[in-house]
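# A look at the structure
Residues per chain, in single letters:
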Amino acid sequence: MIFHVLTIFPEFFEGPFAHGVVSRARDAGVLDIRVHNLRDWTSDRHKTVDDRPFGGGEGMVLKPEPLFLAVESIWPQRTVAQKVLLLSAQGRLFDQAMANGLSHEGELLLICGRYEGVDERVATHLADDEISIGNYVLSGGELAAAVVIDTVARLLPGVLGNETSAAFDSFQDSGHTEGLLDCPHWTRPADFRGWKAPEVLLSGNHEEIRRFRGQAAREKTARLRPDLLPG
Ligand code: 9WO
């Protein structure tokens, strides 16, 4: 899959995708991340991407022209499998199900908002969807775009070393935790400062371990994420 990012801070994306499974998948050619500088689609001396909001008020708004020109030059013959996503605090809440849907698209282009916002015609006439990663305000869409790309990338075939392991993480429908949080994990030492790893995990009794993990996942979900529990 090809991910395009449209931003006024292209250097921001040098870090997030230089490590781990996404970096390896990129090197292997399973996915490509192409970062575009929005200012490349300005024509004035100052490379202006923003202007004052109609109606007055604080701050500046990203102008529509550079954003439309960028998308139209990146995808001169845009198809239905090429989706434009606007990252904004006003968007539809991103979740694992949305990531699953996006992983079946051919190509994604993520627009990162900055300043006080983006001209609304980008949301209504350029973007296929407007996405928020959570109920908080960031300084811009870049961190959110990195989150969406990482989440979608690890669902692509060939990205994880173990082809099936994505299916068993938190929030996935398969495995023993059925839409709950992942079960807690322990490793050596079995006794760390007097805090012991659960005996059952050292027992080698796989049926007991399976039951313990399911119960631990339900308890942790009830404590930290009661909203995920059925009923
Ligand atoms: C500022 C603001 C102030 C009071 C009430 C609501 C408010 N929303 C915003 C706002 O959205 N500011 C944006 C900062 C303007 C454009 C880029 N910014 C942004 C993107 N902040 N947060 C995001 C974002 C993107 C995706 N998921 C979560 C947050």
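Let me sum up the structure you'll find in this document.

What counts and what doesn't
- Residues numbered from 1 in each chain as written.
- Predicted model: local features only at pLDDT ≥ 70, side-chain atom pairs only at ≥ 80, totals over all residues.
- Heavy atoms only, no water.
- Near = heavy atom within 4 Å.
- Polar contact = N/O pair within 3.5 Å; in protein donor to acceptor, adjacent residues only side chain to side chain.
- Areas by Shrake-Rupley, 256 points an atom, 1.4 Å probe, with all protein chains shown as cover.
- Helix = DSSP H or I, 4+ residues; strand = E, 2+ residues; numbered from the N terminus.
- Expected span 1.5 Å × (residues − 1).
- Buried < 20%, exposed > 50% of the residue type's maximum accessible area, 1.4 Å probe, protein only.
- Contact = heavy atoms within 4.5 Å.
- Salt bridge = Lys/Arg side-chain N within 4 Å of Asp/Glu carboxyl O.

## Here's the deal with the site of the ligand
Taken together, 19 residues lie near the ligand, and Gln90, Glu116, Ile133, Leu138 and Ala144 sit nearest. Within the side chain of Gln90, a nitrogen or oxygen atom sits 3.1 Å from a nitrogen atom of the ligand. A distance of 2.8 Å separates a nitrogen atom of the ligand from a polar backbone atom of Leu138. Protein contacts shield 73% of the accessible area of the ligand, which totals 590 Å² for the unbound molecule. Elements that contribute at least two residues to the shell around the ligand include exactly strand E5 (82–93) and strand E8 (129–132).

## Focus: helix H5 (residues 142–153)
Taking 1.5 Å per residue, twelve residues should reach 16 Å; H5 reaches 16 Å between its end C-alpha atoms and fits that length. Among the twelve residues in H5, nine count as buried, and that is most of the element. Looking only at H5, the buried set comprises Glu142, Ala144, Ala145, Ala146, Val148, Ile149, Thr151, Val152 and Ala153. Packing partners of the buried residues in H5 comprise strand E1 (2–7), helix H1 (20–27), strand E2 (32–37), E5, helix H3 (96–102) and strand E6 (107–112).

## Regarding the pattern of salt bridges
Here the idea is simple: oppositely charged side chains can pair when their charged atoms come close. Scanning all chains against the criterion turns up eleven salt bridges. A salt bridge links Lys83 to Glu105, with the nearest nitrogen and oxygen atoms 3.1 Å apart. Of the two residues, Lys83 sits in strand E5 while Glu105 sits in the loop between H3 and E6, which places them 22 residues apart along the sequence. Assessed through its relative accessible area of 22%, Lys83 is described here as partly exposed. Under the relative-accessibility criterion, Glu105 is labelled partly exposed at 21%. Across the pair Glu207 and Arg210 runs a salt bridge, and its minimum N-O distance is 3.0 Å. Of this pair, Glu207 and Arg210 both sit in helix H6 (residues 206–224), separated by three residues, roughly a single helical turn.

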